[in-house]
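Coordinates in review
Listed here are the chains, written in short residue letters.
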Amino acid sequence: MNKERLARWKKAGEYQKKAIYALMPEWMEKHLDAIEREMALMIQDAAKELVFGNKKSEKENEVRQEDAPKVKKVDIR
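All of the points below concern the structure found in this document. Values in this document were obtained by computation on a predicted structure and should not be read as measured data.

Before going further, it helps to examine the pattern of salt bridges. Applying the stated criterion to the full structure yields two salt bridges. Note that Glu4 and Arg8 form a salt bridge whose closest N and O atoms lie 2.9 Å from each other. Of the two residues, Glu4 and Arg8 are both situated in helix H1 (residues 3-23); the distance of four residues between them amounts to about one turn of the helix. When sorted by exposure, Glu4 lands in the same class as Arg8, which is exposed. The shortest N-O distance in the salt bridge between Glu36 and Lys17 comes to 3.2 Å. Here the residue Glu36 occupies a position in helix H2 (residues 29-52), and Lys17 occupies one in helix H1, the gap between them amounting to 19 residues. Take Lys17: its relative accessible area is 38%, and that puts it in the partly exposed class.

Looking now at a nonpolar patch on the surface. A cluster of nonpolar side chains, contributed by Ile20, Leu23 and Met24, occupies part of the molecular surface with about 310 Å² of accessible area. In this structure, Leu23 sits in helix H1.

Before going further, it helps to spend a moment on the layout of surface pockets. By volume, the second largest pocket is sized at about 170 Å³. Residue lining of the second largest pocket: Lys17, Ile20, Tyr21, Leu32, Ile35, Glu36 and Met39, and that is the complete set. Elements represented by at least two residues in the lining of the second largest pocket include exactly H1 and H2. Considering every element that reaches the lining of the second largest pocket, the biggest residue donor is H2, with four residues.

What counts, and at which threshold
- Residues numbered from 1 in each chain as written.
- Predicted model: local features only at pLDDT ≥ 70, side-chain atom pairs only at ≥ 80, totals over all residues.
- Heavy atoms only, no water.
- Salt bridge = Lys/Arg side-chain N within 4 Å of Asp/Glu carboxyl O.
- Helix = DSSP H or I, 4+ residues; strand = E, 2+ residues; numbered from the N terminus.
- Buried < 20%, exposed > 50% of the residue type's maximum accessible area, 1.4 Å probe, protein only.
- Patch = residues over 30% accessible without salt bridge, like charges linked within 9 Å, V, L, I, M, F, W, Y side chains within 5 Å.
- Areas by Shrake-Rupley, 256 points an atom, 1.4 Å probe, with all protein chains shown as cover.
- 1 Å grid on protein atoms, 1.4 Å probe; cavity = no way out; pocket = protein on both sides within 12 Å on 5 of 7 lines; lining within 4 Å.
- Points joined across faces, edges and corners; volume = space filled by probe spheres on them.

Take a look at the structure:
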């Protein structure tokens, strides 16, 4: 794939993110940021598993969960 196409996909992704944020109330921005971080971590984990196989031990998974940022539960009205 050429660099121009990748740049366009990246720009399209930025526009999609802006559109989603524009549709939601401002107080929901922190929730969307938390969801975005979690999705990025999930994608990274899936990519690592594809590349390196399932070589992670249970202990490494537990450590990963402990390092994950804590998200505060709130009521959505």
